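Chain residues, written in single-letter form:
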Amino acid sequence: MLRSDVSPGRARSSKTPSSKTPSSPPPRADDPVQLVTPDGVRREEPAYDAVVADVDDERLTALYEDMVVVRRFDTEAVALQRQGQLGLWPPLLGQEAAQVGSARALRADDFVFTSYRENAVAYCRGARPVDLVRVWRGTALTGWDPRSIGMATPQVMVGAQSLHATGYAVGCAKAGTDSVAIAYFGDGATSKGDVHEAMVFAASLAAPVIFFCQNNQWAISEPVGLQAQRPVADRAPGMGIPSMRVDGNDVLAVMAATRIALDRARRGDGPTFIEAVTYRMGPHTTSDDPTRYVDPPDAARWAAKDPIARVERLLRARGAWSDERAREITATADAFAAEMREGCYGLPDPDPMSLFDHVFVESSPTLERQRSEHAAYLAMFTGGER
Amino acid sequence: MTTMTMVGALNSGLRRALDDDDTVVLLGEDIGRLGGVFRVTDGLQRDFGPDRVMDAPLAEAGMMGLAVGLAYRGFRPVVEIQFDGFVYPALDQLVTQVARVHYRTGGAVRMPVTVRVPFGGGIGAVEHHSESPEAYFAHTPGLRVVTCANPQDAHTMIRQAIACDDPVVLLEPKRRYWVKGEVDEDLGDPLPLGRARVVVPGSDVTLAAYGPLVVTARDAALAAQDEGLSIEVVDLRSLSPVDLDTLEASVRKTGRLVVTHEAQRSGGLGAEIAASIVERCFDVLKAAPLRVTGFDVPYPAAKVEDHFLPDLDRLLDAVDQVMGRASSLTGWRAS
């Protein structure tokens, strides 16, 4: 979608508001926006409160449930890796609110492009328990059919997906829909050329895309200070993209910011950058050893800002907490984790010959020759005939 | 049939593709109002609008990554890389994304992306404007790599590439952009995208060429006729996959192979082709296959590029060698 002054008038012109002034997110201070304090106190931020006014106790409890389930299966996956059932796992411990709050703001027809740590996002999009572990067990390169849940295969190349989201968003505008694409990436990715180029294209083409950065303070061992001397949210305004900076451990603030960005995108006002300030409480992956670089008091300070505990405190303060409900949620989480474990055990190794599948839509003679040569080779071991 | 330059043939092919399929979008630097630095997209933005013929910010990786997202959303992006030497920033997205999304997703998501790259030297250009990067692409699983040697193939191939559900890199030999030829825009029964073609039939030596050197190889075959030598010229057309069946059939007839490309020799297409032919035809080979290529140096300054590029004399010299003849060049070559 080109800027309205050069647009041929196709696509979303009918949806573009008559006002020529694009909507802007609220003015931004360096301090992250917070709606729920770590102590569970609800703070007023009128511009943000307005878009989450519908999140009543029941909906807040549902977000709480999501985060509990996510933490439970994330813990289960780490255990599966420790038991040798998974080759690797990138824990999201501490980032539950950033992922759940944003993902739950999306519509089914929006499309998500993530990095590899966004398993909570995949859960919210509807990935099945077993889908979350396929890639990490090494039985497939994708956990799911991207179109079935509106979420691309998680990206391993840091930042590359920001461009894919932008291209997808441009396509949404061309097709005349008001669907939005969202790119999830980390603070390290904001040093990448791909992310910068994505912002250039998105701004130039007024693409309905959200750049959602989880600043979890670490790129493996490198602190965010090595990537940026200012809040990473500052990278966007120079591109002509407004940005927000929110407490990434505050599920309500994250949802509010995402909704504001979604609304801008759907109205044809272009991209928005969100920095969710959070903390990676675990290792980069199960192969990492954060004791070599994390300062324990620093981690302890962040542990006190836990995203789940603060929602429990808020619900209790409101008198909306129910031990009965909490037990149900725990049972739901345990069941999800159990299903993931069972699914993991049940994943068969792929057929060796499947490695030749899907290189092309229409395979090539060169590849088919290699396929038949390898089949003949394997047949020697099994005693089978060609 | 219409007489067209290769530029005109590509232009008309892109126009047909835009006409035929609303999901085709062109993306590139200066391809809109200017019509591209080589004018391949001349008039297309005027006729199809800036929503379908999009001038891109100067970011090749960005263009390639954008194409991935567009393809995810159901479009058929055609990316123009302005010059061969500018494709390297896009290599990351091309190799790690475009080429493997279909494989990664187990066939769920197709990447019908066409990448047009003017390539090759011989135009007296400055650095980074005369490269032959085809081996990088051909080494990458999931990419189809083709190159045209005449206006008809240019027209046919661009339309086939865009219609193909797999990513295709179309290498356009820029020094042949202005060569004219007859073009039939009604694609009756065109050669499949991956098929080679015998340009000149012959019986003594198979000379495999592609892109800009097909014309040179044909000239060499004509010159050799004067000496009673029969050279069979095969235009490979497709560099990944290489149509080894057609090449094998030719070598089984001639027993000798010379393969030529402008690209540097080591790790090049010539090595792959020679190895494959030796594997298949060792029993009939009368001489070791030879490669006539650019040297393993960076593309040189314009005033010495004629020494880098394979030419008619170097091709004939190689033919003499595989024929076991004394060089016909000895004694009279000027320099």
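Residues take numbers from 1 onward in each chain, read along the sequence in its written order. Lettering for chains starts from A, numbering for ligands starts from 1, and both go in the order in which the items are written. In view of the model being predicted, local features appear only for residues whose pLDDT reaches at least 70, and side-chain atom pairs are presented and counted only at 80 or more, with totals across whole chains, interfaces and linings using the full set of residues.

> Describe the overall build of chain B, naming the residues involved and giving the relevant values.
Only runs of H or I of at least four residues qualify as helices and only runs of E of at least two qualify as strands under DSSP, and these elements are numbered from the N terminus. Within chain B, the secondary structure is distributed over twelve helices and 14 strands. The atom set for the radius of gyration is the C-alpha atoms, and the globule formula is 2.2 Å times the number of residues raised to the power 0.38. Expected size for 335 residues packed as a compact globule is a radius of gyration near 20 Å; at 20 Å, chain B falls within 12% of this value. Principal-axis analysis of the C-alpha atoms gives chain B an extent of 60 × 45 × 40 Å. Taken across its 335 residues, chain B has 58% of its residues classed as buried. Counting other C-beta atoms within 10 Å of a residue's own tells you its class, since 20 or more makes it buried, 12 or fewer makes it exposed, and anything in between is partly exposed; those C-beta atoms are placed from the backbone.

> Now, about the pairing of strand E7 (residues 168-173) of chain B: what can you tell me, with residues and values included?
Residue and element names in this part refer to chain B. With respect to burial, E7 is a largely interior element, six of its six residues being buried. With four bridges joining them, strand E6 (residues 144-147) and E7 adopt parallel strand pairing. Looking at E7, one finds that Val 146 is bridged to Leu 170. By convention a crossover is right-handed if, when the strands point away from the viewer, the path from the first strand over the helix to the second runs clockwise. In this region the chain leaves E6, passes through helix H7 (residues 151-163) and returns to the parallel neighbour E7; the handedness of that crossover is right-handed. Strands were regarded as paired on the criterion that DSSP finds at least two bridges between them.

> Account for helix H12 (residues 307-317) of chain A, naming residues and giving values.
Residue and element names in this part refer to chain A. Among all positions in H12, only Pro 307, Ile 308, Arg 310, Val 311 and Leu 314 are buried. On an axial view of H12, the arc spanned by its buried residues comes to 165°, and they lie on one face. A pair of residues counts as a contact when their C-beta atoms, built from backbone coordinates, are within 7 Å of each other. Structurally, H12 contributes buried residues whose contacts are with helix H2 (57-82), helix H3 (96-103) and helix H10 (251-266). Taking the helix axis as origin, the arc is that swept by the directions to the C-beta atoms.

> Please set out the interface of chain B and chain A residue by residue, giving values where relevant.
Each partner contributes to the interface: chain B provides 36 residues, whereas chain A provides 41 residues. Looking at the side of chain B that touches chain A element by element, the count peaks at nine residues for helix H3 (residues 60-72) of chain B. Classes in brief: Ala, Val, Leu, Ile, Met, Phe, Trp, Tyr, Cys and Pro nonpolar; Asp, Glu, Lys and Arg charged; the others, Gly included, polar. In terms of residue class, the side of chain B that touches chain A is built from 15 nonpolar, 14 polar and seven charged.

> Can you tell me about the packing of H3(B) against helix H4 (residues 88-98) of chain B, naming the residues and giving the values?
Residue and element names in this part refer to chain B. Two elements in contact, H3 and H4, have axes whose closest approach is 6 Å; the angle formed by their N-to-C orientations is 25°. Taken together, the axis directions place H3 and H4 in an arrangement best described as roughly parallel. For the pair formed by H3 and H4, the contact residues are Glu 60, Ala 61, Met 63, Met 64, Gly 65, Ala 67 and Val 68 on the first element and Pro 89, Ala 90, Asp 92, Gln 93, Leu 94, Gln 97 and Val 98 on the second. Residue composition of the contact of H3 with H4, by class: nine nonpolar, three polar and two charged. In this analysis, axes come from line fits to C-alpha atoms, helices being fitted only over the stretch in contact, and the angle between any two N-to-C directions falls in the range 0 to 180 degrees. In these notes the angle categories are as follows: under 35 degrees is roughly parallel, over 145 is roughly antiparallel, 65 to 115 is roughly perpendicular, and the rest is oblique.

> Which residues make up the confidence of the model for chain A, and what values do they have?
The predictor attaches a confidence to each residue, and that confidence, scored 0 to 100, is pLDDT. Confidence along chain A averages 93 in pLDDT terms, with 94% of residues attaining 70 or more. Confidence drops under pLDDT 50 across residues 1-18 of chain A; counting only partners more than four residues distant or on other chains, this segment forms 34 contacts.

> Describe the sheet that holds strand E3 (residues 209-215) of chain A, and please don't skip the residues or the numbers.
Residues and elements named next belong to chain A. Sheet architecture is open: five strands sit in the order E1-E2-E3-E7-E6, paired in parallel fashion. Every interior strand has two partners, whereas the edge strands, strand E1 (111-113) and strand E6 (243-247), have only one. For this sheet, the mean inter-axis angle between neighbouring strands, taken without regard to orientation, is 20°. Bridge count for E1 against strand E2 (residues 181-186) is three bridges, and the pairing is parallel. Bridge pairing in E2 places Phe 113 opposite Ala 183.

> Could you give an account of the domain arrangement of chain A, naming the residues involved and the relevant values?
Bear in mind that the domain bounds are from an automatic or database domain assignment. Split into domains, chain A comes out as domain 1 (11-350) and domain 2 (351-386). With centres defined by C-alpha atoms, the gap from domain 1 of chain A to domain 2 of chain A works out at 40 Å.

> I'd like to hear about the sheet that holds strand E2 (residues 24-28) of chain B, residue by residue, with values.
Residues and elements named next belong to chain B. Pairing is mixed across the open sheet formed by seven strands, whose spatial order is E3-E2-E4-E5-E7-E6-E12. The sheet terminates laterally at strand E3 (53-55) and strand E12 (238-240), the two strands that pair on one side only. Adjacent strand axes in the sheet meet at a mean angle of 20° when their direction is disregarded. Pairing of strand E5 (residues 114-119) with E7 involves six bridges; the strand directions are parallel. Each residue of the ladder has a partner; that of Pro 118, found in E7, is Glu 172.

> Which residues make up the domain arrangement of chain B, and what values go with them?
All names here are of chain B. Annotation of chain B at the domain level lists domain 1 (2-183) and domain 2 (197-323). Using C-alpha coordinates to define each centre, domain 1 is positioned 26 Å away from domain 2. In terms of residue class, the side of domain 1 that touches domain 2 is built from ten nonpolar, seven polar and six charged.

> Break down the UniProt feature "domain: Transketolase-like pyrimidine-binding" (unreviewed entry) in chain B for me, with residues and values.
When the UniProt feature table is mapped to this numbering, "domain: Transketolase-like pyrimidine-binding" (unreviewed entry) covers residues 4-179 of chain B. The annotated region residues 4-179 of chain B carries 38% helix and 18% strand content, and the separation between its end C-alpha atoms amounts to 8 Å. UniProt positions are given in the numbering used here, feature names are shortened, and annotations may be inferred rather than shown by experiment.

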